[in-house]
Amino acid sequence: MSEELDYESLPSNAGLAVNMLAGALAGISEHAVMFPVDSIKTRMQVFATSPVAVYSGVGNAFTRISSTEGMRALWRGVTSVVLGAGPAHAVHFGTLEAVKELAGGNQGGSTWVATSLAGASATIASDALMNPFDVIKQRMQVHKSEFRSVFTCARTILRHEGLSAFYVSYPTTLAISIPFNAIQFTVYEHCKNFMNPRKEYSPTSHIVSGAVAGAMAAAVTTPLDVAKTILQTRGASSEADIRNARGMMDAFKVIWRRDGFRGFGRGLTPRVLTIMPSTALCWLSYEFFKVVIRTHQ
């Protein structure tokens, strides 16, 4: 019992490296497992002119992609996620725990303020690192993508569109991620504390709390995610209004003009289906690796 309590109560100055390593391993686990559903989400959010690339739902997309392009198409771009997710999540969780400690969240202070501030701060830092990898990933996920190599994709984007192409969606990404992570981390902490008030190592509470937190955050931020996808895949589009989109407001105008209000809900189901289990897995992995690493220390 004492070991189960220790994993929550170790001082933060002894656990920054633990938090970062656990976060890196959790991030890779999270993204790799749910990548095929994320590929479907990306394709459903892209405004495609070809009827072959228009999908009515997750099941329809999975069947058509796997039958016409093969199952490997659903994993195209996963290398970019693996390369970026480890460092980005290490920065995310390291910042998360450090800011939470500084804001007094571990000393009985204002938990809501501390957790929200920690989630937002972690997002700003990690997204700056992850955004280029996310652009590469989505360029490789789109229908009839010409890219099969992460490095070829990166070089091509840099040569034809410049460095700004990797960060054109960064403000939109932050507009998604700051509320997403503030909601996710706050809901996770409160669900975990409600289910596990003794603060023991409890995989069940981590899974359930992570799933609830992820589903809520994903649903609220889906309209912004549609705009982000348009910006990140604009270079692969043949449509002038999409290629000329310069920021979030331009993307919103494209969505409204082409699909009206319902366009802002594109990919909602696969987004929730991706994030709900991946968030549960991420928090489960994070708490597990934290226990394992600290036990070995």
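Residues numbered from 1 in each chain as written. Predicted model: local features only at pLDDT ≥ 70, side-chain atom pairs only at ≥ 80, totals over all residues. Heavy atoms only, no water.

(A) Main features of the overall build of the protein. Within the protein, the regular secondary structure consists of 12 helices and zero strands. Order of helices (α) and strands (β) in the protein, N terminus to C terminus: α-α-α-α-α-α-α-α-α-α-α-α. Of all 297 residues assigned to the protein, the portion counted as buried reaches 51%. Put simply, the protein shows about 13300 Å² of open surface, and 66% of that area lies on carbon and sulfur atoms. (Helix = DSSP H or I, 4+ residues; strand = E, 2+ residues; numbered from the N terminus. Buried < 20%, exposed > 50% of the residue type's maximum accessible area, 1.4 Å probe, protein only. Areas by Shrake-Rupley, 256 points an atom, 1.4 Å probe, with all protein chains shown as cover.)

(B) Just the packing of aromatic side chains, in detail. Going through the model one piece at a time under the given rule, you end up with five aromatic pairs. Relative to Trp 283, the ring of Phe 185 lies with its centre 5.7 Å away and its plane at 10°, an arrangement referred to as stacked. With Phe 185 in helix 8 (residues 170-195) and Trp 283 in helix 12 (residues 268-296), the pair connects residues that are 98 residues apart, well separated along the chain. Of the two residues examined, Phe 185 and Trp 283, each falls in the buried class. Between the aromatic rings of Tyr 188 and Trp 283, the centroid separation amounts to 3.8 Å while the plane-to-plane angle is 15°, which identifies the pairing as stacked. With a gap of 95 residues between them, Tyr 188 in helix 8 and Trp 283 in helix 12 connect regions that are remote in the sequence. One exposure class covers both Tyr 188 and Trp 283, and it is buried. Here the aromatic residues Phe 185, Tyr 188 and Trp 283 are joined through ring pairs into a cluster of three or more. One residue, Arg 266, lies across the ring of Phe 47, its end atom 3.9 Å from the ring centre. (Phe/Tyr/Trp six-rings, centres within 6.5 Å; stacked < 30°, edge-to-face > 60°. Lys NZ or Arg CZ within 6 Å of the ring centre and 35° of its normal.)

(C) Representation of the environment of Arg 64 in the model. Mapped onto the secondary structure, Arg 64 falls in helix 4 (residues 58-68). For the pair Arg 64 and Val 54, spaced 10 residues apart in sequence, the C-alpha separation works out to 10.0 Å.

(D) Main features of the side chain of Lys 41. By secondary structure assignment, the location of Lys 41 is in helix 3 (residues 35-45). Lys 41 sits in the buried class, given a relative accessible area of 4%. Of the polar contacts made by the side chain of Lys 41, one reaches the side chain of Asp 225; its length is 3.0 Å. Residue contacts for Lys 41: discarding those within four places in its chain leaves Gln 138, Asp 225, Thr 229, Gly 267, Pro 270 and Arg 271. (Polar contact = N/O pair within 3.5 Å; in protein donor to acceptor, adjacent residues only side chain to side chain. Contact = heavy atoms within 4.5 Å.)

(E) Quick peek at the packing of helix 9 (residues 203-232) against helix 11 (residues 248-259). Close contact between helix 9 and helix 11 brings their axes to 9 Å; oriented N to C, the two are set at 100°. Taken together, the axis directions place helix 9 and helix 11 in an arrangement best described as roughly perpendicular. Two secondary-structure elements touch here, helix 9 through Pro 223, Leu 224, Val 226, Ala 227, Ile 230 and Leu 231 and helix 11 through Met 248, Ala 251, Phe 252, Val 254 and Ile 255. Here the contact of helix 9 with helix 11 is composed, by residue class, of 11 nonpolar, no polar and no charged. (Axes fitted to C-alpha atoms, helices over the stretch in contact; angles between N-to-C directions. Parallel < 35°, antiparallel > 145°, perpendicular 65-115°, else oblique. Nonpolar A, V, L, I, M, F, W, Y, C, P; charged D, E, K, R; others polar.)

(F) Looking closely at the pattern of salt bridges. By the definition in use, this model includes 16 salt bridges. Linking Glu 69 and Arg 43 is a salt bridge whose minimum nitrogen-to-oxygen distance equals 2.7 Å. Of this pair, Glu 69 sits in the loop between helix 4 and helix 5 (78-102) while Arg 43 sits in helix 3, placing them 26 residues apart in sequence. Assessed through its relative accessible area of 27%, Glu 69 is described here as partly exposed. A salt bridge links Asp 225 to Lys 228; the shortest N-O distance between them is 3.7 Å. (Salt bridge = Lys/Arg side-chain N within 4 Å of Asp/Glu carboxyl O.)

Note that all results are geometric; they support no functional claim without further evidence.
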